[in-house]
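# Architecture at a glance
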Amino acid sequence: MPRPNIGIFGGTFDPPHIGHLVLASEAVQQLNLSRLLWVLAPEPPHKLEQPITPLPHRLEMLKRTIANNPSFEISRIEIDRPGPHYSVDTVRLFAEQHPDADITLLLGGDSLRDLPTWRLNTELVAAVSKIGVMRRPDVSFDMPALEAQIPGLTEKVWFIDALLQNVSSREIRRRAASGETYRYYVLPSVYDYIESNRLYGR
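Residues numbered from 1 in each chain as written. Predicted model: local features only at pLDDT ≥ 70, side-chain atom pairs only at ≥ 80, totals over all residues. Heavy atoms only, no water.

Moving on: the sheet that holds strand β2 (residues 35-40). Taking strand neighbours across the sheet as the criterion, the six strands line up as β3-β2-β1-β4-β5-β6 in an open arrangement whose pairing is parallel. Only two strands of the sheet have a single partner each, and these edge strands are β3 (72-75) and β6 (157-160). For this sheet the average axis-to-axis angle between neighbouring strands, irrespective of direction, equals 30 degrees. Direction of pairing for strand β1 (residues 5-11) relative to β2: parallel, over a ladder of six bridges. Residue pairing across strands places Ile6 opposite Arg35, the latter belonging to β2. Where helix α3 (residues 87-97) meets the sheet, it contacts β1, β2, β3 and β4 (102-108), and its direction lies at approximately 140 degrees from that of β2. (Pairing = 2+ DSSP bridges. Helix = DSSP H or I, 4+ residues; strand = E, 2+ residues; numbered from the N terminus. Axes fitted to C-alpha atoms, helices over the stretch in contact; angles between N-to-C directions. Contact = heavy atoms within 4.5 Å.)

Membership of the largest hydrophobic core comes to 24 residues, with the highest contact counts inside it found for Leu112, Leu115, Ile131 and Leu153. Those elements that provide at least two residues to this core are β1, β2, α3, β4, α5 (121-127), β5 (130-134) and α6 (143-149). Ignoring sequence-local partners within four residues, the contact set of Leu153 consists of Leu112, Leu115, Val125, Ile131, Met143, Leu146 and Glu147. Of all hydrophobic cores here, the second largest spans 20 residues; its members include Leu36, Leu62, Phe72 and Leu106. (Core = buried A, V, L, I, M, F, W, Y, C linked by side-chain atoms within 4.5 Å. Buried < 20%, exposed > 50% of the residue type's maximum accessible area, 1.4 Å probe, protein only.)

A word on the side chain of His85. As for its placement among the helices and strands, His85 is situated in the loop between β3 and α3. According to the relative accessible area criterion, His85 is buried, its value standing at 9%. At 2.9 Å, the side chain of His85 forms a polar contact with the backbone oxygen of Glu78. Polar contacts involving the side chain of His85 include one to the main-chain carbonyl oxygen of Arg81, which spans 2.7 Å. (Polar contact = N/O pair within 3.5 Å; in protein donor to acceptor, adjacent residues only side chain to side chain.)

Taken together, the buried positions of helix α8 (residues 169-178) are Ser169, Ile172, Arg175 and Ala176. Projected down its long axis, α8 carries its buried residues within an arc of 125 degrees, all on one side. Phi for Gly179, located one or two positions after α8, is positive at around 80 degrees. (Arc of directions from axis to C-beta.)

The next point concerns the packing of helix α2 (residues 55-66) against helix α9 (residues 188-196). For the pair α2 and α9, interaxial distance at closest approach is 8 Å and the crossing angle is 155 degrees. When the axes of α2 and α9 are compared, the pair comes out roughly antiparallel. Between α2 and α9 lies a crossing whose hand is right-handed. Residues Pro56, His57, Glu60, Met61, Arg64 and Thr65 of α2 touch α9, and the partners they reach there are Ser189, Val190, Tyr193 and Ile194. Residues that form the contact of α2 with α9 fall into these classes: five nonpolar, three polar and two charged. (Parallel < 35°, antiparallel > 145°, perpendicular 65-115°, else oblique. Left-handed = near helix turned anticlockwise from the far one by under 90°. Nonpolar A, V, L, I, M, F, W, Y, C, P; charged D, E, K, R; others polar.)

Moving on, we get to helix α1 (residues 18-30). Given a rise of 1.5 Å per residue, 13 residues ought to cover 18 Å, and the 18 Å separating the end C-alpha atoms of α1 matches this to within 8%. Residues of α1 that are buried: Gly19, His20, Leu21, Leu23, Ala24, Ala27 and Val28. (Expected span 1.5 Å × (residues − 1).)

Looking now at the side chain of His20. By the secondary structure assignment, His20 is in helix α1. A relative accessible area of 14% places His20 in the buried class. Within the local environment of His20, its side chain forms a polar contact with the backbone nitrogen of His17, the two atoms lying 3.0 Å apart. Apart from the residues lying within four places of it in its own chain, the contact partners of His20 are Phe9, Phe13, Pro15, Trp38 and Ser169.

Here's what the structure looks like:
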């Protein structure tokens, strides 16, 4: 019997948007994932200087975003343990909890490019079976240079292809704050939540 293949998709999801859903759904199909765990980061170490929407709001928006897909689950692995939270620690904990499963880490193209700056990046790469990376038109990377800094990376990386607009949480927050349209970059239930709770400066 084949081993389960569990995907891990971490982020602040502030807010979760259609780009996240496209990456997640394509990853499940293209990488043959048994399920995909969305790991909501309470206070990401690399964003401590940035204002982040309170966790209860982000958690509710994420619940609404993934509600209709049985392959998606929210993991509280970082919510329920004290920080700081680093990807290498989260992956190791998942591996301990699921010793019979392969672990696939999902990253955006910008995260792959910045991976050499991540804490214990070589150990992180060694701890997962695959790294699924969404190609973005505005992000390029030099795989030989990355491999030189993180040996073993190239054989772990699997690129995920999708029809995807260049949508980002940052741009959605900016649009919401300035009164520009953004409603079709998030699910209707998330849009209603943002508007009714006056998130992002509205």
